[in-house]
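Chain residues, written in single-letter form:
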Amino acid sequence: MFGMTKKQFLKRSSKTLDETGNHALLIRGLIGQEKDGTIDNNHAYKQTKLLIEGIASTFNDYENISPPSNCNSLHLKILRSLIILQDVASANYDFITLSREDKSLKAQEKLEESQNLLEKFRIEFRPLTVELDNHLNK
């Protein structure tokens, strides 16, 4: 079986980055609500579980595509950004679990970790969107 054309790959990558951006916005909103104390722990838990499943689904779908050889680098960068976002969601899940157990100091550390990882994701994500736009506009 033949791999994807460059155009097919770029369209699929664009769709994946859109999904990834949506997941990141949802996590950012959730972390903000947790930081402000405006969200119930059970609701945050359910939201985080859904986000983890959504990110995993996006990752699996994107990981299984066959990019053209000249696009392997972009493919790996997008997969890496999804892994970082998964780490954000996992750290946030740990925060929720620890806060349920009343381990507030460790919980706060996990909340800070999820915020730091989200910043790392943001730093890596923005150049990816620019790179993809450059490829699409050629």
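Data block above holds the structure.
Residue numbering note: each chain is counted from 1, following its sequence as written. The model is predicted, so local features are restricted to residues of pLDDT at least 70 and side-chain atom pairs to those at 80 or more, both for listing and for counting; the totals for chains, interfaces and linings are taken over all residues. Hydrogens are left out, water is left out, and the side-chain values use all remaining heavy atoms of the structure.

Visitor: Just to check I follow, could you spell out the side chain of His75 for this structure?
Guide: Working definition: helices are DSSP H or I runs of at least four residues, strands are E runs of at least two. Numbering for both runs from the N terminus. One can find His75 in helix α3 (residues 72–100). We call two residues in contact whenever any of their non-hydrogen atoms come within 4.5 Å of each other. Those residues in contact with His75 that sit more than four places away from it in its chain are Phe9, Tyr62, Glu63, Ile65 and Pro67.

Visitor: Quick question: what am I supposed to make of the packing of aromatic side chains here?
Guide: For any pair of aromatic rings, the description consists of the separation of the ring centres together with the inter-plane angle of the planes. Each Phe, Tyr or Trp ring (for Trp, its six-membered ring) is paired with any other whose centre lies within 6.5 Å, and the angle between the two planes then decides the class: stacked below 30 degrees, edge-to-face above 60, tilted in between. This model, assessed by the stated rule, comprises three aromatic pairs. Each ring, one from Phe9 and one from Tyr62, has its centre 6.2 Å from the other, and the planes form 35°; the classification is tilted. Here Phe9, found in helix α1 (residues 6–36), pairs with Tyr62, found in helix α2 (residues 41–63); they are 53 residues apart in sequence, far enough to count as distant. Of the residues examined, Tyr62 reaches a relative accessible area of 0% and is grouped as buried. For the exposure calls, accessible area comes from a 1.4 Å probe over protein chains only, and a residue counts as buried if that area is under 20% of its type's maximum, exposed if over 50%, partly exposed in between.

Visitor: Which parts of the structure should I look at to understand the pattern of salt bridges?
Guide: Any two side chains of opposite charge can pair if their charged atoms end up close together. Take a side-chain nitrogen of Lys or Arg and a carboxyl oxygen of Asp or Glu: if they are within 4 Å of each other, that pair is a salt bridge. Evaluation of the coordinates by the stated rule reveals six salt bridges. Here Glu19 and Lys15 are joined by a salt bridge, their closest N and O atoms 3.3 Å apart. Within this pair, Glu19 and its partner Lys15 are both found in helix α1, separated by four residues, close to a single helical turn. Note on Glu19: relative accessible area 27%, which makes it partly exposed. With a closest N to O distance of 3.1 Å, Glu113 and Lys110 form a salt bridge. Taken together, the positions of Glu113 and Lys110, both in helix α4 (residues 104–136) and three residues apart, correspond to about one turn of that helix. Taking the relative accessible area as the measure of exposure, Lys110 reaches 22% and is therefore partly exposed.

Visitor: Please clarify how α2 should be interpreted in this entry.
Guide: Within an α-helix, residues lying three or four positions from one another point in the same direction, as the helix has 3.6 residues per turn. Over its 23 residues, α2 extends 32 Å from the first C-alpha to the last, a length consistent with the 33 Å expected when each residue adds 1.5 Å. If you check which residues of α2 are buried, you get Ala44, Thr48, Leu51, Ile52, Ile55, Thr58, Phe59 and Tyr62. Next to the buried residues of α2 lie α1 and α3. The definition of a polar contact used here is a pair of N or O atoms within 3.5 Å, where within protein one atom must be able to donate a hydrogen and the other to accept one, and adjacent residues in sequence count solely through side-chain atom pairs. One side-chain oxygen at the N-terminal end of α2 lies 3.1 Å from the backbone nitrogen of Asn42; it belongs to Asp40. By this rule, a helix spans an expected 1.5 Å times one less than how many residues it contains.

Visitor: I'm lost on the environment of Asn64 in this one. Help?
Guide: With respect to the helices, strands and loops of the structure, Asn64 is situated in the loop between α2 and α3. Within polar-contact distance, the side chain of Asn64 engages the backbone oxygen of Asn60 at 2.9 Å.

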